[in-house]
Each structure stands twice: as C-alpha cells, then as structure tokens.
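Coordinates in review
This is what each chain is made of:
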Amino acid sequence: MVDRVTYKANGIDFHALVAGEGDPVLLLHGFPDIQESFHHHLEALAEVGFRAIAPPLRGYPPTKGPGPYTVEQLKTDTLELAHRVGMSSEVPGYLVGHDWGGIAACLAAGEEPSLFRGVVIASVPHPASFAARVLGGDYDQLKRSWYMFFFQMEGLAETVILTSKMAFVERLMLDWSPSLLKNEGSELVHKRMEAMAEPGVLKAALEYYRSVFPKPDRPPPLVAKPVSVPALLVFGSEDNCIPHTVASDSNAFFTAGYRLEVLSGAGHFVHTEKPEAFSRLVTQFFTDIRSQ
C-alpha cells in the first residue's frame with residue numbers, strides 16, 4: 001500500500017509517496033517526470049523489507065515550492081530529505097535516482113557517503129563523467145543534448161513549449177524513448193505533460209538546466225565528487241538522450257565499485273518502460289548490500 005507523507009526539508013513541505021517499513025530508500029525522479037513513475041518500485045521495495053520514499057523534486061507538483069532551482073539545491077534537498085526520513089551515519093539508507101534524480105543522488109552520495117549504503121543511478125552517468133564528455137567535444141552527445149542549449153534561452157524556451165501545449169515535451173520523451181508508448185502506454189506520458197503544464201513547474205524544471213551553465217551573476221557550476229559507496233547504473237539500450245556507452249568507463253567516478261546494466265528494448269525512461277526488470281535489479285542490489 002502506497003501512502004502520502006509530508007517531510008519538511010529546507011523550508012518547504014515535500015509531499016512524498018511512501019510504502020513499506022524498514023531501511024529507508026529515497027527514489028528521486030527526473031525531467032520531465034513525476035513521483036508516480038516510481039509507484040511499481042515503491043511496492044517492490046516494500047515487499048522485500050524496505051521503506052521506500054518518492055518525493056517530488058523542488059518545483060514539481062505536488063510540492064512545488066520556491067527556488068532556487070539549481071544543482072546545488074538539488075544536492076542540499078536530497079541530503080536534508082535523507083536525514084528527515086531517518087538516514088544517518090549510524091543507520092545509513094539507499095538512493096535511487098533517474099535523470100536529474102540520478103544527478104542529485106550522485107551529488108548527495110559524493111558529499112555525505114556515510115548516509116548511504118548503496119545508490120542506483122538510472123539513465124545518466126556520474127555528472128563529472130558527463131561534463132568531461134561534453135567539454136571534451138563528444139560530438140554525438142552534444143548533438144543528443146541540443147535541448148539543454150535550447151533551454152538556456154530564457155523566456156523563448158518557455159514560450160515555445162507552452163504554445164505547443166506540451167506537445168514539445170511529448171516529442172522530446174518519444175525521441176528519447178522510441179518505444180515509450182509501446183512499453184508503458186500513454187497514461188503516464190499524459191500525466192507528465194499535465195504536471196509540466198501546472199503554473200510555475202516548467203520554469204522550475206528549465207532552471208535546473210540553466211544552473212549548470214556559468215553566468216556572471218551565478219556561482220560556478222558545482223563540482224561533483226566521486227561516489228564512494230557501491231553503485232548500480234541502469235540504462236536502456238534504446239536511450240537516445242544519453243547512451244549507456246557514456247557510463248561504460250566510470251571507475252574514477254564510483255570508487256567503491258559499480259556495475260552497469262543495460263535493459264534491452266527500453267529508452268531513457270528505463271524504470272517505467274521495463275518496471276519488473278528494473279525493480280528486480282534494484283531490490284537484488286540493495287538486499288545483497290543489506291545482507292553483508
């Protein structure tokens with residue numbers, strides 16, 4: 001059974017979906033996604049003795065909340081939420097993050113590794129690895145990441161997306177995951193679009209992308225530390241946003257070891273396109289760690 005529980009962290013109320021009892025697991029969504037995309041995994045983790053908690057990111061419904069909507073704030077919110085749900089150096093927990101949620105998980109685990117026993121990162125590499133690819137002139141990834149540069153056009157990007165009535169967002173999802181409608185159906189796609197159309201949500205979501213590009217009135221982008229707890233990286237074989245090859249050589253970024261799993265037939269939304277397979281990987285990974 002999935003309930004809704006409110007956790008106050010960094011001045012706002014995070015209205016999280018929660019299931020189960022046991023060691024806490026935070027599940028963090030990305031763009032353009034919603035906390036409900038973890039529903040299957042909340043129940044799967046609960047069944048094997050974990051307390052699974054899926055909050056919305058700051059700015060996303062139903063929490064929303066004021067900014068700043070930055071990478072630094074993502075890390076701070078994740079660490080504060082970890083404490084609020086009962087994680088500590090004496091009782092460490094676990095992290096699961098998809099897309100921006102994966103970035104947040106890497107940053108949080110790199111900053112305070114004693115809070116966590118293991119992390120699962122879906123559809124993104126370690127942020128330092130991704131930055132190295134882009135700054136190193138990886139033409140293929142730069143081409144795939146065109147939307148990130150479009151999102152820097154403050155005002156114009158919002159106008160284009162809102163004028164399209166979120167069809168832009170739908171097309172982006174279908175580009176990233178060619179089999180999305182076949183794999184997960186249309187209901188969740190429409191729910192994501194509806195969430196992005198709520199007042200203020202699109203602006204918040206785009207601000208996270210803008211925070212990674214340096215500007216005169218903005219602090220330098222956050223430097224991501226290596227993750228020093230065991231990590232599982234999960235990608236879809238059809239991911240047209242970030243291919244799994246970007247994460248294939250990540251030893252320097254996951255110093256306690258990592259495993260890369262690629263699920264055939266899934267795209268960028270690997271956790272919803274192959275929910276059973278994704279849950280098996282996550283629950284087995286965490287139960288193996290817990291038994292050590």
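In this numbering scheme, every chain counts its residues from 1 along its sequence in written order. The predicted nature of this model means local features are confined to residues of pLDDT at least 70 and side-chain atom pairs, given and counted, to a pLDDT of 80 or more, with totals for whole chains, interfaces and linings taken over all residues. Excluding hydrogens and water, the side-chain figures rest on all heavy atoms present in the structure.

**Let's talk about the overall build of the chain**
For helices the rule is a DSSP run of H or I covering at least 4 residues; for strands it is a run of E covering at least 2, with both sets numbered from the N terminus onward. A count of helices and strands for the chain gives 13 helices and 8 strands. Here the C-alpha radius of gyration of the chain, 17 Å, is about what a compact globule of 292 residues would show, namely 19 Å. The principal-axis extents of the C-alpha atoms in the chain amount to approximately 50 × 40 × 40 Å. Expressed as a percentage of the 292 residues in the chain, the buried residues total 55%. Of the contacts formed within the chain by residues at least 6 apart in sequence, a portion of 75% connects residues at least 24 apart. Calculation of accessible area relied on Shrake-Rupley with a 1.4 Å probe; when residues are assessed, cover is drawn exclusively from the protein chains displayed. Total accessible area on the chain stands at roughly 11700 Å², and carbon and sulfur atoms take up 56% of it. The positive count covers Lys and Arg only, the negative count covers Asp and Glu only, and His and the chain ends enter neither. A charge is said to be at NZ when it belongs to Lys, at CZ for Arg, at CG for Asp and at CD for Glu. The distance from the centre of the 25 positive side-chain charges to the centre of the 34 negative ones in the chain is 2 Å. With the radius of gyration taken over C-alpha atoms, the globule rule is written as 2.2 Å times the number of residues to the power 0.38. Exposure categories follow from relative accessible area, calculated using a 1.4 Å probe and restricted to protein chains: below 20% of the type maximum is buried, above 50% is exposed, and the middle band is partly exposed. Contacts are assigned to residue pairs that have any heavy atoms within 4.5 Å of one another.

**Here we look at the layout of surface pockets**
With a 1 Å grid laid over protein atoms only, a set of points is called a cavity when a 1.4 Å probe fits there but cannot get out and a pocket when it is open yet has protein on both sides within 12 Å along at least five of seven lines; lining residues have an atom within 4 Å of a point. Grid points are joined across faces, edges and corners, and a volume is the space filled by probe spheres set on the points. Considering only enclosed or pocket space, the largest pocket measures out at about 730 Å³ in volume. Those elements that provide at least two residues to the lining of the largest pocket are helix H3 (100–111), helix H4 (127–135) and helix H6 (146–150). Note that Gly is not counted as nonpolar here; it falls among the polar residues with everything else outside the nonpolar set of Ala, Val, Leu, Ile, Met, Phe, Trp, Tyr, Cys and Pro and the charged set of Asp, Glu, Lys and Arg. Of the residues assigned to the lining of the largest pocket, the class counts are 24 nonpolar, 3 polar and 1 charged.

**Looking at a nonpolar patch on the surface**
For patch building, the residue pool is restricted to those with more than 30% relative accessible area and no salt bridge; the joining distance is 9 Å between like charges and 5 Å between nonpolar side chains (Val, Leu, Ile, Met, Phe, Trp, Tyr). A pairing counts as a salt bridge when a side-chain nitrogen of Lys or Arg comes within 4 Å of a carboxyl oxygen of Asp or Glu. Residues Met153, Leu156 and Val160 make up a contiguous nonpolar surface patch of about 240 Å² in total accessible area. Relative to the helices and strands, Val160 is located in helix H7 (residues 156–163). Of the residues examined, Val160 reaches a relative accessible area of 32% and is grouped as partly exposed.

**Here's the deal with unusual backbone geometry**
Here the bond from Phe31 into Pro32 is cis, since omega is -15°, no more than 30 degrees from zero. For Pro32, the location among the structural elements is in the loop between strand S3 (23–28) and helix H1 (39–47). For the bond from Gly67 to Pro68, the omega torsion is 15°, close enough to zero to count as cis. Note on placement: Pro68 falls in the loop between strand S4 (50–54) and helix H2 (71–84).

**Some words on empty space enclosed by the protein**
Under the definition given, this model contains 1 cavity of 30 Å³ or more. Forming the walls of the largest cavity are Phe14, Leu28, Pro56, Leu57, Arg58, Leu74, Asp77, Thr78 and Leu81. Among the elements that line the lining of the largest cavity, the one with the most residues is H2, at 4 residues. Class assignment for the residues of the lining of the largest cavity results in 6 nonpolar, 1 polar and 2 charged.

**Looking at the pairing of strand S5 (residues 93–98)**
Look at any regular strand and the pattern is simple: side chains alternate between the two faces of the sheet. Taking burial as the measure, the 6 residues of S5 include 6 buried ones, the bulk of the element. Sheet analysis places S3 next to S5, joined by 4 bridges and oriented parallel. Bridge assignment links Leu26 to a residue of S5, and that residue is Leu95. In this analysis, strands are considered paired if DSSP registers two or more bridges between them. Sheet topology places S5 next to strand S6 (residues 116–122); 6 bridges connect them, and they run parallel. From the neighbouring strand, Tyr94 faces S6, where its bridge partner is Gly118. Seen with its strands pointing away from the viewer, a crossover is right-handed if its path from the first strand over the helix to the second goes clockwise. Of the crossover connections in this fold, the one passing from S5 over H3 to the parallel S6 is right-handed.

Such coordinate-based values are descriptive only and should not be taken to indicate function.
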